[in-house]
Amino acid sequence: MFYGVYAYFREQACTVICPYGRLQSVLLDRNSMIVAYDYKRGEPREKFKKNNVAAGDCIDCFQCVKVCPTGIDIRNGTQMECVGCTACIDACNKMMEAVNKPTGLIRYASENGIANREKLHYTGRMKFYAVLLLLLTGLLTTLLLSRKDVDGTVIRAAGMLYQEHGADSVSNLYNIKIINKTIRDIPLTLKLEKAPGRIIEAEGRSIAVPKEGQGKGSFFIVLPDNIIKERKLKLQVGLYEGDKKITTLNTNFMGPIYHPESK
Ligand code: SF4
Ligand code: SF4
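Just so you know, these numbers come straight off a predicted model, no measurement behind them.

Caption draft 1: Seen up close, the layout of surface pockets. A volume near 510 Å³ is recorded for the largest pocket. Looking at the largest pocket, it is lined by 20 residues, and the ones nearest its centre are Y20, L27, L28, M33 and Y129. When residues of the lining of the largest pocket are traced back to their parent elements, those giving at least two are helix 3 (20-27), strand 1 (34-37) and helix 8 (124-145). Per-element tally for the lining of the largest pocket: the top contributor is helix 8, with seven residues. Among the residues forming the lining of the largest pocket, the class breakdown is 15 nonpolar, four polar and one charged.

Rendered as structure tokens:
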């Protein structure tokens, strides 16, 4: 996909697909810092002639247009296609140096800065964006730090309630799916946590989860019926590699409700 973008699609990716430009039109205001052409200083643009005091500083050399990767003319104002690469700033500064004029005809500035010579200042909108960015960075960091190497789901087999298991126990059948995000194979065994029951793996062995792959299996959870006091019990299944606990998955156990007088 990236080869296709770089070799054939090129700037169309910026102008047609990329949401950056569309976001700009919503997020910017007249105080936002953008790559801007100083039309007060540059106009009227004219081809370079020595000692032409009536002309603005823009010598209409089109270097800013030629270097622009999305092919726009920044002298027409900020546009959705601008990706803020600043190539036009460098090209224009070079031309200004060549004709002995001050650099910065195209520069980082706000619309108010160009029109009214206002200095860039920290507006309420900027503060709001800064707080939002901090919150999003915090969220991303939390997600990255809490990312588990092995994750999965345990779901009761569809269409089945519970089975009587011997004289005094009840079992439920489960399907487990495990994702291994590490670069090594992991043989996992399952253990029931914090409940006086046991797990019987349907295949009778540990579940092999290949590196960067998925593993699945089926197993029964068997609970003694004297601990089943409600129809749905919350249970935890621990995934172990040898004696090392990898993670814990939550699930439900469905059982009959026993009334004391019926026993
Ligand atoms: S910053 Fe880059 S994309 Fe924007 S106008 Fe200048 S050269 Fe073009
Ligand atoms: S590079 Fe600078 S001087 Fe040349 S056309 Fe663009 S704005 Fe004008």
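Alright, that's what it looks like, and here's the rest.
Caption draft 2: Examining the site of ligand 2 more closely. As a matter of local geometry, ligand 2 sits amid Y37, C58, I59, D60, C61, F62, Q63, C64, R75, C92, M96 and I106. Of all the secondary-structure elements, those providing two or more residues to the shell around ligand 2 are helix 5 (63-67) and helix 6 (87-98).

Caption draft 3: Here's a closer look at the nonpolar core. Core analysis: the largest hydrophobic core is formed by 24 residues, its most contacted members being I176, F219, I221 and F253. Where this core is concerned, the elements lending two or more residues are strand 3 (150-156), strand 5 (169-180), strand 6 (186-193), strand 8 (207-209), strand 9 (214-224), strand 10 (232-241) and strand 11 (244-254). Apart from the residues within four sequence positions on either side, I176 is in contact with T153, V154, L190, I207, G215, K216, G217, F219, L239 and L249. Grouped together as the second largest cluster of nonpolar side chains are 13 residues, I74, C88, M96 and V99 included.

Caption draft 4: Region of interest: the site of ligand 1. Inspection of the region around ligand 1 gives 13 residues, with C68, C82, C85, T86 and C88 positioned closest. Broken down by class, the residue content of the shell around ligand 1 amounts to 10 nonpolar, three polar and no charged.

Caption draft 5: Region of the structure containing helix 6. The first and last C-alpha atoms of helix 6 sit 17 Å apart over 12 residues, in line with the 16 Å expected at 1.5 Å per residue. Taken as a whole, helix 6 has its buried residues at C88, I89, A91, C92, N93 and M96. Elements that come into contact with the buried residues of helix 6 comprise strand 1, helix 4 (39-42), helix 5 and strand 2 (106-109). Looking one or two residues beyond helix 6, the residue adopting positive phi is N100, at roughly 60°.

Caption draft 6: Region of interest: the environment of S218. Relative to the assigned elements, S218 resides in strand 9. The spatial distance from the C-alpha of S218 to the C-alpha of C85 is 54 Å, given a sequence separation of 133 residues. A distance of 3.1 Å separates polar atoms of two side chains, one belonging to S218 and the other to N175.

Caption draft 7: Spotlight on the pattern of salt bridges. Inspection of every chain in the model, using the stated rule, returns 11 salt bridges. Among the salt bridges present, the one from R117 reaches D38, with a minimum N-O distance of 3.2 Å. In this pair, R117 is assigned in the loop between helix 7 (111-116) and helix 8 and D38 in the loop between strand 1 and helix 4, connecting sequence segments 79 residues apart. The class for D38 is buried, based on a relative accessible area of 2%. A salt bridge links D57 to K101; its shortest N-O distance comes to 3.6 Å. Of this pair, D57 sits in the loop between helix 4 and helix 5 while K101 sits in the loop between helix 6 and strand 2, and the two are 44 residues apart along the sequence.

Caption draft 8: Expanded view of the sheet that holds strand 8. Strand order across the open sheet formed by four strands is 8-6-10-11, with antiparallel pairing between neighbours. Edge strands, defined here as strands with exactly one partner in the open sheet, are strand 8 and strand 11. Mean inter-strand twist for the sheet, computed between neighbouring axes without regard to direction, equals 35°. The sheet contact formed by strand 10 and strand 11 spans 10 bridges and is antiparallel.

Caption draft 9: A look at the packing of aromatic side chains. Under the defined criterion, the tally for this structure stands at four aromatic pairs. Summarising the aromatic geometry, the rings of Y3 and Y8 are spaced 6.1 Å apart at their centres and angled 85° between planes, so their arrangement reads as edge-to-face. Across this residue pair, the class does not change: Y3 and Y8 are exposed. Taking 6.0 Å as the distance between ring centres and 50° as the angle between the ring planes, the aromatic pair formed by F128 and Y129 counts as tilted. In this structure, R75 packs its charged tip against the face of F62, placed 4.8 Å from the ring centre. Sitting over the face of the ring of Y240, K191 holds its NZ or CZ atom 4.4 Å from the ring centroid.

Cut-offs used in this document
- Residues numbered from 1 in each chain as written.
- Chains lettered and ligands numbered in written order.
- Predicted model: local features only at pLDDT ≥ 70, side-chain atom pairs only at ≥ 80, totals over all residues.
- Heavy atoms only, no water.
- 1 Å grid on protein atoms, 1.4 Å probe; cavity = no way out; pocket = protein on both sides within 12 Å on 5 of 7 lines; lining within 4 Å.
- Points joined across faces, edges and corners; volume = space filled by probe spheres on them.
- Helix = DSSP H or I, 4+ residues; strand = E, 2+ residues; numbered from the N terminus.
- Nonpolar A, V, L, I, M, F, W, Y, C, P; charged D, E, K, R; others polar.
- Near = heavy atom within 4 Å.
- Core = buried A, V, L, I, M, F, W, Y, C linked by side-chain atoms within 4.5 Å.
- Buried < 20%, exposed > 50% of the residue type's maximum accessible area, 1.4 Å probe, protein only.
- Contact = heavy atoms within 4.5 Å.
- Expected span 1.5 Å × (residues − 1).
- Polar contact = N/O pair within 3.5 Å; in protein donor to acceptor, adjacent residues only side chain to side chain.
- Salt bridge = Lys/Arg side-chain N within 4 Å of Asp/Glu carboxyl O.
- Pairing = 2+ DSSP bridges.
- Axes fitted to C-alpha atoms, helices over the stretch in contact; angles between N-to-C directions.
- Phe/Tyr/Trp six-rings, centres within 6.5 Å; stacked < 30°, edge-to-face > 60°.
- Lys NZ or Arg CZ within 6 Å of the ring centre and 35° of its normal.

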